[in-house]
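What the coordinates show
Given next are the chains, with one letter for each unit.
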Amino acid sequence: MGNPLYDRLFGIHAGKNTPFLHLPDGQTLTHSDFLDMAARIANALVGMQLEPGDRVAVQVEKSPETLALYAACAQAGLIFLPLNTAYTTHELTYFIENSGASLVVCDSTNEAELTPIAQAQNAKIETLNADGSGSLTRRALGMLPAFEPVSRTEDDLAAFLYTSGTTGRSKGAMLTQANLLSNAEMLVREWRFTSDDALLHALPIFHTHGLFVATNVVLASGGSMIFLPKFDLEDILRLMPQATSLMGVPTFYTRLLGGDRFTKELAQHMRLFISGSAPLLAETHEQFEARTGHRILERYGMTETNMNTSNPYDGERRAGTVGFPLPDVELKVTDPETGETLPQGEIGMIEVRGPNVFKGYWQMPEKTAAELRENGFFITGDLGRVDEDGYVHIVGRGKDLIISGGYNIYPKEIELLLDDQPGVLESAVIGVPHPDFGETVLGILVPANGETPDLEQIMQTVQSDLARFKHPRKLILLDELPRNTMGKVQKNLLRDTYKDLFTDG
Ligand code: MLC
Ligand code: AMP
């Protein structure tokens, strides 16, 4: 029967001694080296009695071994569940419990803290460190570099990615093999990736962008990646002449343009710059073209759907738009109240349908039903319009969401924590413009009658519970929150009041 995900992304490279990963220390791993590593890990996983369909929760640094663990899960029919390395133990506990993970893979430094959480639900725990060392690789070393892929169909689950929600509870988006494959193979064609490409890879690999877009596209095309642990301006400037393409969030591009060492000459060998995960300002697009002669190709996607739209490779890449729906993706703009399709040009809710759209939220049938229509259309929560030439414009969000440096932050999750703090009556968390991250988090607190909340103490609690990127950059005290006649907090007024807090001077 085969295993489509493994066969079409990984297995196609069996025996190839062509480069796959160029590492910062100058080492190169061939496709064949990588597949050997993956097969050893797959043998180790099966040796731990993991069964197809089991979840493997992974919070580790970016390394070739982490990618090999992803390949091993595909090969062994396990569901890969990557987690942001910034998540605290408090946050991880929920993901491990909610997913019912059978194995937790973490950095050695977190092993002691996570062991009781894993044990509480009979999950095994293994370690994998940034340098590739750890108990998982020790087990894998003793294994054979060959593994017969477990039979799977395209409809089988391949990965869970947790995405926060407007209620503050994270939901596990269930992605099938078909979701990942259809998108990867489509993007290879749309963006013209070939085995000659070398992608400068500086994104994290625990989200859609770095894993299912960047990595899967390179795998499906047989190209290579210059595989960097994170975005470091010096590394990017040094290595760009060896690359053909870059995928990044808008912060990558504003940081590149922030100094004068990023020049036309440096970008000369590049074929393609792609941006997504957050809005790229038209101004950045224009500055980039003026500096390098390249027009950034902006695309739009999300955890639940992978990529939905893209600016064209050959035609006009229109600044401030996210391009056209991908060939196998249907996109419509609907009235958020009635769900009726709106006339072309009007602003409404973006809905999408296609082989890229996920299967639903893990064990949350009501949430799935609320966002995924029976006819297959997914209600994205993004507000947009389609212009007369068919380009999709994202004009706002119907969901209360902040995107900071490409990471999604749901205010509700932070408000629930702030509301619980001593001396706090209620809170509102908003996103305000930030020169580096696009948006950043501002917390507004209303003190309980006659009390003065201890802001330092509150920040300490926030730090111990929530990942660093979710922390409010500032807490402000206000006597009351602005409300409309229905009693709803008017966040738009707050956003307007504080819009210059981080951008002035
Ligand atoms: C890091 N910090 C952040 C942050 N990243 N704070 C807010 N928002 C972020 N995105 C924290 C750090 O912990 C640090 O804390 C401080 O802010 C400054 O860090 P830095 O050194 O400037 O950050 P850096 O490590 O350079 O990271 C910035 C970044 C990174 C933009 C390069 O966040 C990044 O790679 N973002 C990409 C996210 C991504 O892949 N999103 C895709 C989601 S998928 P301290 O304590 O030092 O002050 C998706 C679907 C789709 O959305 O369409 O693609
Ligand atoms: P996530 O839930 O992390 O997958 O984030 C998905 C969200 O990021 C989308 O619903 C959009 O709001 C936003 N997004 C992704 N790409 C773009 C883009 N090119 N322009 C504007 N917003 C984007």
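Residues numbered from 1 in each chain as written. Chains lettered and ligands numbered in written order. Predicted model: local features only at pLDDT ≥ 70, side-chain atom pairs only at ≥ 80, totals over all residues. Heavy atoms only, no water.

**Some points on the sheet that holds strand β23 (residues 424-434)**
Here is the rule: When DSSP locates at least two bridges between a pair of strands, those strands are taken to pair. We count a stretch as a helix when DSSP gives it H or I for four or more residues in a row; a strand needs E for two or more, and each element gets its number in order from the N terminus. Here an angle of 0 to 180 degrees is reported between the N-to-C directions of two axes, which are lines fitted to C-alpha atoms, with helices fitted over the stretch in contact.
Spatially, β23-β24-β25 is the arrangement adopted by the 3 strands of the open sheet, whose pairing is mixed. Of all strands in the sheet, those with a lone pairing partner are β23 and β25 (474-477), marking the two edges. Pairwise comparison of adjacent strand axes, ignoring direction, gives a mean angle of 25 degrees for this sheet. Pairing of β23 with strand β24 (residues 438-447), which is carried by 10 bridges, proceeds in the antiparallel orientation.

**Topic: the site of ligand 1**
Put simply, the test is: Distances are taken per atom, and a residue is near a molecule or strand as soon as one of its heavy atoms is within 4 Å of it. Residues adjacent in sequence count toward polar contacts only when both atoms are side-chain atoms; beyond that, a polar contact is any pair of N or O atoms within 3.5 Å, and within protein one must be able to donate a hydrogen and the other to accept it. Residues are grouped as follows: nonpolar covers Ala, Val, Leu, Ile, Met, Phe, Trp, Tyr, Cys and Pro; charged covers Asp, Glu, Lys and Arg; every other residue, Gly included, is treated as polar.
As a matter of local geometry, ligand 1 sits amid 24 residues, with R255, S277, R299, S404 and R468 nearest to it. At 2.6 Å from a nitrogen atom of ligand 1 is found a side-chain nitrogen or oxygen belonging to S404. At 2.9 Å, a backbone N or O of G406 approaches a nitrogen atom of ligand 1. For the shell around ligand 1, the elements supplying multiple residues, two or more each, are α8 (208-221), α10 (250-257) and β13 (297-302). Considering only residue class, the shell around ligand 1 consists of 10 nonpolar, 9 polar and 5 charged.

**Some words on the site of ligand 2**
Close to ligand 2 lie 15 residues, the nearest being R299, T303, D382, K399 and N408. Here a nitrogen atom of ligand 2 sits 3.1 Å away from a polar atom, N or O, in the main chain of S277. Between R299 and ligand 2, the recorded distance is 2.8 Å, taken from a backbone N or O atom to a nitrogen atom. Ranked by the residues each element gives to the shell around ligand 2, the list is headed by β13, at 5 residues. Looking at side-chain class alone, the shell around ligand 2 contains 7 nonpolar, 4 polar and 4 charged residues.

**Observations regarding the pattern of salt bridges**
Selection rule: Here, a salt bridge means any side-chain nitrogen of Lys or Arg that lies within 4 Å of a carboxyl oxygen of Asp or Glu. Throughout, exposure labels follow a simple rule: accessible area from a 1.4 Å probe, protein chains only, divided by the maximum for the residue type, with under 20% read as buried, over 50% as exposed, and the rest as partly exposed.
Evaluation of the coordinates by the stated rule reveals 25 salt bridges. Here R152 and D156 are joined by a salt bridge, their closest N and O atoms 3.8 Å apart. Taking relative accessible area as the criterion, D156 reaches 23% and is therefore assigned partly exposed. A salt bridge links E316 to R318; the nearest nitrogen and oxygen atoms lie 3.2 Å apart. Ionic contacts of the salt-bridge type, sharing partners, join the residues E316, R318, D387 and D389 into one network.

**Brief notes about the pairing of strand β5 (residues 103-106)**
Across the two faces of β5 the burial is the same, with L103 and V105 and V104 and C106 all buried. Pairing of strand β3 (residues 55-59) with β5, which is carried by 4 bridges, proceeds in the parallel orientation. From the neighbouring strand, V58 faces β5, where its bridge partner is V105. Bridging between β5 and strand β6 (residues 124-127) involves 4 bridges; their strand directions are parallel. Across the sheet, the residue bridging to L103 is K124, located in β6.

**Section: α8**
Test applied: To obtain the bend at a residue, axes are fitted to the seven residues ending there and to the seven starting there, and the angle between these axes is taken.
Residue T215 marks the point of greatest curvature in α8, where the axis turns by about 25 degrees. In the stretch just after α8, G222 is the one whose phi turns positive, near 80 degrees.

**Notes on the nonpolar core**
Rules: Working definition of a nonpolar core: buried Ala, Val, Leu, Ile, Met, Phe, Trp, Tyr and Cys residues. They are joined through side-chain atoms within 4.5 Å. Each domain span listed reflects an automatic or database assignment of domains. We call two residues in contact when some of their heavy atoms are within 4.5 Å.
In this structure, F10, L45, L67, L69, M247, F262 and F273 are the most contacted members of the largest nonpolar core, which totals 150 residues. Residues lining this core come from more than one domain, with at least three contributed by each of domain 1 (4-21 + 30-152) and domain 2 (401-497). Among all residues touching F273, those that are not within four sequence positions of it are M240, L246, Y253, F262, A267, F288, H294, R295, I296 and L297.

**Structural notes on the side chain of N3**
Within the fold, N3 resides in the segment before α1 (4-10). A distance of 3.1 Å separates the side chain of N3 from the side chain of Q177, its partner in a polar contact. Setting aside chain neighbours within four positions, we find N3 in contact with A74, Q75, P149, V150, R152 and Q177.

**Notes on the pairing of β24**
With 8 of 10 residues buried, β24 is to be regarded as a mostly interior element. Remark: 3 residues form the turn of the hairpin made by β23 and β24, two consecutive strands paired antiparallel. Bridging between β24 and β25 involves 4 bridges; their strand directions are parallel. Looking at the pairing, I444 lines up with I476 of β25.

**Notes on the sheet that holds strand β14 (residues 306-310)**
Pairing is mixed across the open sheet formed by 9 strands, whose spatial order is β2-β1-β10-β9-β11-β12-β13-β14-β15. Bordering the open sheet on either side are β2 (28-30) and β15 (324-325), each of which pairs with just one other strand. Set on the sheet, α10 makes contact with β11 (245-248) and β12 (272-275); between it and β11 the angle comes to about 115 degrees.

**Here's the deal with the side chain of K470**
Summarising the element assignment, K470 is placed in the loop between α14 (455-465) and β25. Here K470 falls in the buried class, since its relative accessible area comes to 5%. Of note is the side chain of K470, whose polar atom sits 3.2 Å from the side chain of E413. Once residues lying within four places of it in the same chain are set aside, the contact partners of K470 are Y87, E91, I409, E413, I414 and V441.

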